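# Fold and geometry: a report
Each chain, written out:
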Amino acid sequence: MLKHQPKTLAKTLDFILRRSPGEHGLFWNPDATMPWKEFYSALQQDPSLRFVRQSTIRELALLGIELPFFFDGNLLRLRPEFTPTFYQPASDLPERLYFGLKPKNLVHTQNTGLKSRSRPFVALCAERALALQIAARIEPAPILLEILAGQACESGLSFLDAGGDLYLAESVPVEFIVFPKVRQDLAERLAPTHAKPKNLPSAPTPAGSFILKPHHLQPAGAGEPPGKTVKTDGKGRWKKDRRKERHKRDI
């Protein structure tokens, strides 16, 4: 059930996603898509909008209220009639930008630099508070990195202006990142470890068959203690029976 007037809620969502996404630490991909999870996480940081779910947005559609976007699997996609966002190169780039990093990714970033695995750009912020706010959506205790944006731009690295205090870069090399002072042993301990593969269960034996093992190939009687005769039901049994019969006659 909607907690806001439907039209008011629709205007609020439209304002956040289409008119000022950068102010909320959000941006659109070049193909006019945005992960629903990122938008939902941003809404969770606003107490007045925490109730919004996918079902809430679908309820607006059932009421005939059109939004500038629709669901495309796990993505939000701008409707064709709305102009997609094309971010322009930053003309007034700050000397330093900031990024909130998961502690477990510190060692990897120290080795390879910053690059997003799921988006075409890394979101960088002119304000520390916004960088920590974005990172807090997926990490309760992020590490703040400083980006030497001025030096990176002079070396040829491109930054896009995403509105507000948000800037985008395809990647940031290590030489332009200022890492916090963290003991190396602690950083390595924070890094994820690769679990050893577990022993897989053996395939079930088909009915009416058995698995051949090495001891099945040993000759009969192999492995018996020396000096001990193996009893058989074949040759030699008649001698034992004859001795028993002779013993009965003697009695």
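Check the entry above for the structure.
Residues numbered from 1 in each chain as written. Predicted model: local features only at pLDDT ≥ 70, side-chain atom pairs only at ≥ 80, totals over all residues. Heavy atoms only, no water.

### Overview of the pairing of strand 6 (residues 122–125)
Counted only if it meets this: Whether a residue is buried, partly exposed or exposed follows from its accessible area with a 1.4 Å probe, protein chains only, as a fraction of its type maximum: under 20%, in between, or over 50%, in that order. Numbering of helices and strands starts at the N terminus; helices are DSSP runs of H or I of at least 4 residues and strands are runs of E of at least 2. By this definition, two strands are paired if DSSP reports at least two bridges between them.
The side-chain alternation of strand 6 yields two buried faces, one formed by V122 and L124 and the other by A123 and C125. Relative to strand 9 (residues 166–169), strand 6 runs antiparallel, the two sharing four bridges. Pairing of A123 across the sheet is with L168, part of strand 9.

### Let's talk about helix 5 (residues 128–135)
Using the following cut-off: Throughout, the arc means the angular range of directions from the helix axis out to the C-beta atoms. In this analysis, two residues are considered to be in contact whenever any of their non-hydrogen atoms come within 4.5 Å of each other.
Looking at helix 5, one finds that the buried residues are L130, A131 and A135. Angular distribution of buried residues about the axis of helix 5 spans 135°; they occupy a single face of the element. Tucked inside the fold, the buried residues of helix 5 contact strand 5 (97–101), strand 6 and strand 7 (143–147).

### Considering the packing of aromatic side chains
Quick note on the threshold: By convention, a stacked pair of Phe, Tyr or Trp rings (six-membered ring in the case of Trp) has centres within 6.5 Å and planes under 30 degrees apart, an edge-to-face pair has planes over 60 apart, and any other such pair is tilted.
Applying the stated rule across the entire model yields four aromatic pairs. Here W36 and F39 contribute two aromatic rings whose centre-to-centre distance is 6.0 Å and whose plane-to-plane angle is 75°, an arrangement assigned as edge-to-face. Separated by three residues within a single helix, W36 and F39 lie in helix 2 (residues 36–44), roughly one turn from each other. The burial state of W36 is the same as that of F39; both residues are buried.

### Looking at the pattern of salt bridges
Using the following cut-off: Whenever Lys or Arg places a side-chain nitrogen within 4 Å of a carboxyl oxygen from Asp or Glu, that contact is recorded as a salt bridge.
Under the definition given, this model contains six salt bridges. The closest approach of N and O atoms between R128 and E146, which form a salt bridge, is 3.4 Å. A residue pair is termed long-range when its members are at least 10 positions apart, and R128 in helix 5 and E146 in strand 7 qualify at 18 residues. Judged by its relative accessible area of 40%, R128 falls in the partly exposed class. A relative accessible area of 16% means that E146 is categorised as buried. Within the structure, one salt-bridge network assembled from shared partners comprises D14, R18 and R19.

### Section: the pairing of strand 2 (residues 69–72)
Residues F69 and F71 point to one face of strand 2 and are all buried, whereas F70 and D72, pointing to the other face, are not buried. Connecting strand 2 to the next strand, strand 3 (residues 75–78), in antiparallel fashion are two residues, including G73 with a positive phi near 70°.

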